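Fold and contact review
Each chain, written out:
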Amino acid sequence: ELFATFDTAPLASASIAQVHAATLHDGREVVVKVLRPNVRALIDADIALLRTLAAVADRHHPGADKIRPRAVVSEIETTLEAELDLQREGANGSLMRRLWLDSPDLYVPEVHWPLSTETVLTMERVRGIGSDDVAALDAAGIDRRALAAKGVRVFYTQVFRDNFFHADAHAGNIWVDATRQQDPRFIALDFGIMGQLSSEDQYYLAENFMAIF
């Protein structure tokens, strides 16, 4: 009832959620991310098991004070908790879109809030080339040198201007707009894991960046 069309075969599928193509009644193409049934209970069970293993490692591993197994499990739990709330992911995406609106370097798809909840996220459908698909980039005539320069600029702008950066930037989540050959731009997807740095960490990163160049 909510969509004009809805493809029940997923476009993409992962352990926590999967994504379906759909069309709104006004004709706009969207993708719909849906959490898997009972995924929260499964994750809770896995985290409980990890806590048990971390406690054993904390007692018996000779390097426990360095690897801090309990802290590692806590970090995993925090990250997964954020990924289970698709409203939070939508908010992350909306903020990043606002920060990069009309940018020639990065495009962020629009969240469709009337059809989004804690377990369902509806977003504008975009198309592009995986950022690691060199053959496809070359076939599309993308200027990879310009693209690489923009990649550096996008990352450091996220870190230093916004202090709000995409923290899961693998090729499945960062695409390239194939319609812009000489002035390419990236497309960001999946905003479940975002990052921020303390001023000390920003300073450390800036210091190392300047040392490289």
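So, here's what we can say about the structure. (Residues numbered from 1 in each chain as written. Predicted model: local features only at pLDDT ≥ 70, side-chain atom pairs only at ≥ 80, totals over all residues. Heavy atoms only, no water.)

Here we take up a nonpolar patch on the surface. Taken together, Leu 49, Leu 50, Leu 53, Val 72 and Ile 76 make up a surface patch of nonpolar side chains, about 400 Å² in accessible area. When contributions to the nonpolar patch are tallied by element, the ones reaching two or more residues are α1 (39–60) and α3 (69–83). A per-element tally of the nonpolar patch places α1 first, with three residues. By secondary structure assignment, the location of Leu 49 is in helix α1. (Patch = residues over 30% accessible without salt bridge, like charges linked within 9 Å, V, L, I, M, F, W, Y side chains within 5 Å. Areas by Shrake-Rupley, 256 points an atom, 1.4 Å probe, with all protein chains shown as cover. Salt bridge = Lys/Arg side-chain N within 4 Å of Asp/Glu carboxyl O. Helix = DSSP H or I, 4+ residues; strand = E, 2+ residues; numbered from the N terminus.)

With that settled, consider the sheet that holds strand β7 (residues 129–130). Hydrogen bonds along the backbone pair up the strands of a sheet, which may run parallel or antiparallel. Strand order in this open sheet of four strands is β5-β10-β9-β7, and the pairing throughout is mixed. A single partner strand is all that each edge strand has here, and the edge strands are β5 (106–107) and β7. Bridge count for strand β9 (residues 174–176) against strand β10 (residues 186–188) is three bridges, and the pairing is antiparallel. By the bridge assignment, Val 176 is partnered in β10 with Phe 186. (Pairing = 2+ DSSP bridges.)

What the rule picks out here adds up to three aromatic pairs. For the pair Phe 155 and Tyr 156, a centre-to-centre distance of 5.1 Å together with 80° between the ring planes defines the contact as edge-to-face. On the accessibility criterion, Phe 155 (36% relative accessible area) is partly exposed. Arranged with centres 5.7 Å apart and planes meeting at 5°, the rings of Tyr 156 and Phe 160 form a pair that is stacked. Of this pair, Tyr 156 and Phe 160 are both found in helix α6 (residues 144–162), four residues apart, which corresponds to roughly one turn of the helix. Look at Phe 160 and you get partly exposed, because its relative accessible area is 33%. (Phe/Tyr/Trp six-rings, centres within 6.5 Å; stacked < 30°, edge-to-face > 60°. Buried < 20%, exposed > 50% of the residue type's maximum accessible area, 1.4 Å probe, protein only.)

Below, the discussion takes up α3. Along its 15 residues, α3 runs 21 Å from first to last C-alpha, staying within 8% of the 21 Å computed at 1.5 Å per residue. The set of residues buried in α3 consists of Pro 69, Val 73, Leu 80, Ala 82 and Glu 83. Where α3 is buried, its residues contact β4 (29–35), α1, α2 (64–67) and α4 (86–99). (Expected span 1.5 Å × (residues − 1). Contact = heavy atoms within 4.5 Å.)

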